[in-house]
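# An overview of the molecular structure
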Amino acid sequence: MAIILETRHLILRHQILPDLEYLWALYQNPNITKYIPDAPKSRDEAREELEWHMHGHPKNPDFGLWATVLKESGEFIGRCGLLPSNIDGQDEVEVAYTIAEAHQGRGLGTEAAQAILQYGFDKLSLRRLISLIEPENLPSQKVAEKIGMRFEKEAHDTFGMFWIFSIEK
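## Quick word on the overall build of the protein chain
Secondary structure summary: the protein chain contains five helices and eight strands in total. The helix and strand sequence of the protein chain, counted from the amino end, reads β-β-α-α-α-β-β-β-α-β-α-β-β. In the protein chain, 56% of the contacts between residues at least 6 apart in sequence involve partners at least 24 apart. Looking at the protein chain as shown, the accessible area adds up to about 8,800 Å², and 49% of this sits on carbon and sulfur atoms. A gap of 5 Å separates the mean positions of the 18 positive and 26 negative side-chain charges of the protein chain.

In structure tokens, the structure reads:
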């Protein structure tokens, strides 16, 4: 189990097979998945996603969705990380963050996103990072703004319309 990042309250690490039950529970919450248009719809799809990210993203092992656990208890509370994206023909890297509903409103999403942003800029020497956010997802917009991102533009894909928030180093 490789740890990628540690913050004051969190450990972000590669996902492992025992995380499946927690990941699937996260995806069974409609308050979470309403803002993730490509969220797994079955336990098998959740397992495929977990296996896809177990050793980092297949296109770049420094990226991926990482298990996000409370340092104090080891409890799995979400999945956050860096994802490669192609928006309007331009390669981008997304700061992605999803925290279980029971742990929202405590600043943990912001703590994770800030650490991921710093990791992307400082360790991976990325020059620009984005977040793809549904217009109705006000809490995620607030997280993006707290870590210094600003609304850039509206965009569309096969799932519909979303907003791009971005920051450059």
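## Observations regarding the nonpolar core
Core analysis: the largest hydrophobic core is formed by 32 residues, its most contacted members being Leu-82, Leu-129 and Met-149. Looking at this core element by element, the count peaks at eight residues for helix α4 (residues 108–123). Discounting residues that sit within four places of it in the chain, Met-149 has contacts with Val-95, Leu-117, Leu-129, Ile-130, Ser-131, Ala-144, Phe-165, Ser-166 and Ile-167. Listed in part, the 16 residues of the second largest apolar core include Leu-20, Leu-26, Met-54 and Ala-100.

## Side note on unusual backbone geometry
Its identity is not glycine, yet Asp-88 carries a phi of approximately 50°, on the positive side. Residue placement: Asp-88 occurs in the loop between β4 (76–87) and β5 (90–99). One non-glycine residue, Ser-125, lies in positive phi territory at about 55°. Looking at the element boundaries, Ser-125 is found in the loop between α4 and β6 (128–133).

## Comments concerning α4
Taking 1.5 Å as the rise per residue, α4 with 16 residues should run 22 Å; its terminal C-alpha atoms sit 21 Å apart, in good agreement. Burial of α4 is extensive: twelve of the 16 residues sit out of reach of the surface. For α4, the set of buried residues is Leu-108, Gly-109, Thr-110, Glu-111, Ala-112, Ala-113, Ala-115, Ile-116, Leu-117, Tyr-119, Gly-120 and Phe-121.

## Some points on the pattern of salt bridges
In the structure shown here, the tally under the stated rule is nine salt bridges. Sharing partners across several salt bridges, the network here consists of Glu-92, Arg-128, Glu-152 and Glu-168.

## A closer look at the pairing of strand β8 (residues 160–168)
Looking at chain direction, β6 and β8 are connected through six bridges and run antiparallel. For Ser-131, the partnering residue across the bridge sits in β8 and is Phe-165. The pairing of strand β7 (residues 150–157) with β8 spans seven bridges and is antiparallel. Pairing of Glu-154 across the sheet is with Trp-163, part of β8. Where β7 folds back on β8, the antiparallel hairpin that results is connected by two residues.

The rules behind these values
- Residues numbered from 1 in each chain as written.
- Predicted model: local features only at pLDDT ≥ 70, side-chain atom pairs only at ≥ 80, totals over all residues.
- Heavy atoms only, no water.
- Helix = DSSP H or I, 4+ residues; strand = E, 2+ residues; numbered from the N terminus.
- Contact = heavy atoms within 4.5 Å.
- Areas by Shrake-Rupley, 256 points an atom, 1.4 Å probe, with all protein chains shown as cover.
- Lys, Arg positive; Asp, Glu negative; His and termini not counted.
- Charge placed at Lys NZ, Arg CZ, Asp CG, Glu CD.
- Core = buried A, V, L, I, M, F, W, Y, C linked by side-chain atoms within 4.5 Å.
- Buried < 20%, exposed > 50% of the residue type's maximum accessible area, 1.4 Å probe, protein only.
- Expected span 1.5 Å × (residues − 1).
- Salt bridge = Lys/Arg side-chain N within 4 Å of Asp/Glu carboxyl O.
- Pairing = 2+ DSSP bridges.

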